[in-house]
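Descriptive analysis of the structure
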Amino acid sequence: MTMIRKSMLATVFVALGLGTSFASADVWRMAHKMPAESIEGQIFQAVADRIGEKTGGKITVEVYPSEQLGKDDAILEQLQLGTVTIYPEGSAYLQKWVPELQFTSAPFIFDSREHWSRFMASDLVKGWMDKIEAEAGIVVIGDSTKMVRGPYRVMVTKRPVASLADLQGLKLRMHPDELAAAAWRNLGAEVRTLAWTEVYESIGRGIVEAVNSPVSLVETMRFYEVAPNIVRHDEYPQGLAFMTNAATWNALDAATQDQISAAYDEVAAEFGPKTDAEADVSLARMKALGVSISTLDTGPVVARMTEFYAKMDAEGKLPVGFLDAVNATRTAK
């Protein structure tokens, strides 16, 4: 092979971020779907910057926002291959390999964020996470419940929604999640699966009427422009799982792993209050533009979902030990 051809190939491999002798092993790629200026976009960039600082430049993290490197399935495949090193998302996205993990985002079953955090620390969930590395070659950096997402969930709708009755026949956008889709159908909605970046146009065209979202992302995604009703429903608490290629992670020495974990923990602690404050300011700005802000009457919703989970359990459709773990973690020990 000529030197010119070798040089050309090296350039291609570096551009693609592929793990070859031509590419720098110290350059990591982080992909995410959020706008760079959103609160989550800021969090992801802060983690990337902090990793560089903590490791003394040993690792540089390049951030690709707004699905620049592809949508969920494509990024998860790249994460397995190592061409993407970090993908921050909800841990339920790992259900692709371990279906039980969809229950970490089970709608309307957790009493509070604290309850959910205790559930996520249970032996049941730890066992599910162990399976991910074996099945998919992916590990999660840190405690995903520390990195607050939201800080709570809302529904953004074209028409007012105040009660369970208003959910009947509502055309609701959903991410690819069988449990979430079944839950919202149980509540009366007509579920349509769409990519996150397709939601704005789809609401505008009438394909869907509503979308569930962390409240902090409604303004940056401009959903309120096509759906001027924001309804808080606290569907489930959320954190950000920084999913990482296991081979890359396990190749690091313990000191570097500790530095990266420290970077994650520091940013999580710093951005918790910022996420809360930004949500309040964002809601105030949208309210000033005429957007309706309200809260869903969740009493009947929770009652119907309790029946839903009981029926699933009776039919053997819940993971073994799920309801026991949920109930055991309702109060702190």
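Right above here is the structure, for reference.
**Some thoughts on the side chain of Asp177**
- Mapped onto the secondary structure, Asp177 falls in the loop between strand E7 (171-174) and helix H6 (178-186).
- When near neighbours in sequence (up to four residues on either side) are disregarded, Asp177 contacts Ala92, Gln95 and Gln102.

**Overview of the packing of aromatic side chains**
- Counting across every chain of the model gives nine aromatic pairs.
- Seen in terms of ring centroids, Phe108 and Trp184 are 5.7 Å apart; in terms of plane orientation they differ by 70°. Their pairing is edge-to-face. Pair noted here: Phe108 is in the loop between strand E3 (86-89) and helix H4 (113-120) and Trp184 is in helix H6, with a separation of 76 residues, a long-range link. Residues Phe108 and Trp184 agree in their burial class; the two are buried.
- Their ring planes at 45° and their centres at 5.2 Å tell us that Phe110 and Phe119 sit as a pair that is tilted.
- On the accessibility criterion, Phe110 (12% relative accessible area) is buried.
- Lying over the aromatic face of Tyr200, Arg222 brings its terminal NZ or CZ to 4.6 Å of the ring centre.
- It is Arg232 that lies over the ring of Tyr152; its NZ or CZ is 3.6 Å from the centre.

**Comments concerning the nonpolar core**
- Ranked by size, the top nonpolar core spans 52 residues in total, and within it Phe119, Leu167, Trp184 and Phe322 carry the most contacts.
- Sorting the residues of this core by element identifies helix H3 (72-81), H4, helix H5 (123-136), E7, H6, helix H10 (299-314) and helix H11 (322-328) as the ones contributing at least two each.
- With residues near it in sequence (within four places) discarded, Trp184 still touches Phe108, Met155, Leu167, Leu172, Met174, Ala189, Val191, Asn212, His233 and Glu235.
- Residues Ile43, Trp196, Tyr224 and Ala263 belong to the second largest nonpolar core, which totals 49 residues.

**Thoughts on H5**
- End to end, H5 covers 20 Å across 14 residues, agreeing with the expected 20 Å (1.5 Å per residue, within 8%).
- Within H5 the residues assigned to the buried category are Val125, Trp128, Ile132 and Ala136. All buried residues of H5 fall inside an arc of 60° around its axis, so they share one side. Facing away from the buried surface of H5 by more than 90 degrees, the exposed residues are Asp123, Asp130 and Ala134.
- Packing partners of the buried residues in H5 comprise H3, H4, strand E4 (138-141) and H11.
- The positive-phi residue at the C-terminal boundary of H5 is Gly137, with phi of around 70°.

**Things to note about the packing of H6 against H10**
- Where H6 meets H10, the closest approach of the two axes is 10 Å, and the angle between their N-to-C directions is 125°. Here H6 is positioned oblique relative to H10, judged by the angle of their axes. Between H6 and H10 the crossing geometry is right-handed. Here Leu179, Ala182, Ala183 and Asn186 of H6 lie close against H10, whose contacting residues are Arg304, Met305, Phe308, Tyr309 and Met312.
- Its residues assigned to classes, the contact of H6 with H10 comprises seven nonpolar, one polar and one charged.

**Concerning the side chain of Asn245**
- The residue Asn245 is located in strand E12 (residues 241-245) in this model.
- Look at Asn245 and you get buried, because its relative accessible area is 4%.
- Separated by 2.8 Å, the side chain of Asn245 and the backbone oxygen of Leu79 make a polar contact.
- Here Ala247 takes part through its backbone nitrogen, which lies 3.2 Å from a polar atom of the side chain of Asn245.
- Those residues within four positions of Asn245 in sequence are excluded, and the remaining contacts are Leu79, Gln80, Leu81, Gly82, Val84, Thr85 and Gly137.

**Re the pattern of salt bridges**
- Counting across every chain of the model gives 23 salt bridges.
- Between Glu89 and Lys33 there is a salt bridge, with its nearest N and O atoms 3.3 Å apart. With Glu89 in strand E3 and Lys33 in the loop between strand E1 (27-31) and helix H2 (39-54), this pair connects stretches of sequence that are 56 residues apart.
- For Glu89, a relative accessible area of 3% gives the class buried.
- Lys33 sits in the buried class, given a relative accessible area of 5%.
- Of the charged contacts, one joins Asp265 and Lys146 as a salt bridge, the two residues approaching to 3.9 Å between their closest N and O atoms.

**Points about the sheet that holds E7**
- Strand order in the open sheet formed by six strands is E8-E7-E9-E6-E10-E13, and the pairing between neighbours is mixed. Here the strands that pair on one side only, and so sit at the sheet edges, are strand E8 (190-193) and strand E13 (292-295). Pairs of neighbouring strands in the sheet enclose a mean axial angle of 30°, with direction left out of account.

What counts, and at which threshold
Residues numbered from 1 in each chain as written. Predicted model: local features only at pLDDT ≥ 70, side-chain atom pairs only at ≥ 80, totals over all residues. Heavy atoms only, no water. Helix = DSSP H or I, 4+ residues; strand = E, 2+ residues; numbered from the N terminus. Contact = heavy atoms within 4.5 Å. Phe/Tyr/Trp six-rings, centres within 6.5 Å; stacked < 30°, edge-to-face > 60°. Buried < 20%, exposed > 50% of the residue type's maximum accessible area, 1.4 Å probe, protein only. Lys NZ or Arg CZ within 6 Å of the ring centre and 35° of its normal. Core = buried A, V, L, I, M, F, W, Y, C linked by side-chain atoms within 4.5 Å. Expected span 1.5 Å × (residues − 1). Arc of directions from axis to C-beta. Axes fitted to C-alpha atoms, helices over the stretch in contact; angles between N-to-C directions. Parallel < 35°, antiparallel > 145°, perpendicular 65-115°, else oblique. Left-handed = near helix turned anticlockwise from the far one by under 90°. Nonpolar A, V, L, I, M, F, W, Y, C, P; charged D, E, K, R; others polar. Polar contact = N/O pair within 3.5 Å; in protein donor to acceptor, adjacent residues only side chain to side chain. Salt bridge = Lys/Arg side-chain N within 4 Å of Asp/Glu carboxyl O. Pairing = 2+ DSSP bridges.

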